[in-house]
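Report on the structure
This is what each chain is made of:
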Amino acid sequence: QVRLVEFGGGLVQSGGSLRLSCAASGSIVSISDMCWYRPAPGKDRELVADITNGGSTNYADSVKGRFTISIDNAKNTVYLQMNSLKPEDTAVYYCYADLLATTRRNYWGKGTLVTVSS
């Protein structure tokens, strides 16, 4: 069974940094892309950052220049380096993966809580 497990959430002061990681485990054949989402007003979740297995990236306007997403294809792990954190970044961050195992489908992690204090 494929599972996504997030690490790295915690409490940090405004202006600080955290690095989130999400490891996909199981009988994975290939990964198309992996992403980080968080809840947003008026939406279930908003895309924070996305990366394909080819290295192409996409960021929400609110985090551009502050967050960096990267992927280690050999380890099936995606990272989100979060710098210059703001209180408004406080949220549960969810890992998402579009991958091929026994079949191609989407998977979600349980989320990791990031709390930024002022």
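Here's a quick rundown of the structure. (Residues numbered from 1 in each chain as written. Predicted model: local features only at pLDDT ≥ 70, side-chain atom pairs only at ≥ 80, totals over all residues. Heavy atoms only, no water.)

Description of the side chain of Asp 50
Mapped onto the elements, Asp 50 comes out in strand 5 (residues 43–52). Of the side chains bearing the opposite charge, Arg 104 lies closest to the buried Asp 50, which forms no salt bridge; the N-O distance is 10 Å. Beyond its immediate sequence surroundings of up to four residues, Asp 50 is in contact with Asp 33, Met 34, Cys 35, Ser 56, Thr 57, Asn 58 and Ile 69. (Helix = DSSP H or I, 4+ residues; strand = E, 2+ residues; numbered from the N terminus. Buried < 20%, exposed > 50% of the residue type's maximum accessible area, 1.4 Å probe, protein only. Lys, Arg positive; Asp, Glu negative; His and termini not counted. Salt bridge = Lys/Arg side-chain N within 4 Å of Asp/Glu carboxyl O. Contact = heavy atoms within 4.5 Å.)

Details of the packing of aromatic side chains
Centre distance and the angle of the planes are the two values used to describe a pair of aromatic rings. According to the stated counting rule, one finds three aromatic pairs in the structure shown. Ring geometry for Tyr 37 against Tyr 96: centres 5.8 Å apart, planes inclined by 70°, an arrangement best described as edge-to-face. In this pair, Tyr 37 sits in strand 4 (residues 30–40) while Tyr 96 sits in strand 9 (residues 91–100), placing the two residues 59 residues apart along the sequence. Comparing Tyr 37 with Tyr 96, the two get one shared label, buried. Note that Arg 45 overlies the ring of Trp 108, its terminal NZ or CZ placed 4.3 Å from the centroid. The lysine or arginine in question, Arg 105, covers the ring of Tyr 107, its NZ or CZ lying 4.2 Å from the ring centre. (Phe/Tyr/Trp six-rings, centres within 6.5 Å; stacked < 30°, edge-to-face > 60°. Lys NZ or Arg CZ within 6 Å of the ring centre and 35° of its normal.)

Here we look at the side chain of Asp 98
With respect to the helices and strands, the residue Asp 98 is situated in strand 9. Ignoring any residue separated from it by four or fewer positions in sequence, one finds Asp 98 in contact with Ile 31, Ser 32, Asp 33, Arg 104, Arg 105 and Asn 106.

As for the state of the cysteines
One pass over the full model with this rule turns up one disulfide. Between Cys 22 and Cys 95 runs a disulfide, and the two sulfur atoms are separated by 2.0 Å. Residues Cys 22 and Cys 95 share a disulfide whose torsion about the S-S bond is about -90°; that sign makes it left-handed. Remark: Cys 95 occurs in strand 9 and Cys 22 occurs in strand 3 (residues 18–25); sequence separation between them is 73 residues. Judged by its relative accessible area of 0%, Cys 22 is buried. For Cys 95, a relative accessible area of 0% translates into the label buried. Sulfur of Cys 35: no disulfide; nearest cysteine sulfur belongs to Cys 95 and is 8.3 Å away. Residue Cys 35 is classed as buried on the basis of its relative accessible area, which comes to 3%. (Disulfide = S-S within 2.5 Å.)

Things to note about the nonpolar core
Generally speaking, a soluble globular protein has its nonpolar side chains buried in company with each other. One finds Met 34, Trp 36, Leu 80, Tyr 93 and Leu 99 to be the most contacted residues of the largest nonpolar core, which totals 33 residues. Breaking this core down by element, the ones donating at least two residues are strand 3, strand 4, strand 5, strand 7 (67–72), strand 8 (77–82), strand 9 and strand 11 (112–117). Top contributing element to this core by residue count: strand 9, with five residues. (Core = buried A, V, L, I, M, F, W, Y, C linked by side-chain atoms within 4.5 Å.)

Limitation: the analysis is restricted to geometry and does not speak to function.
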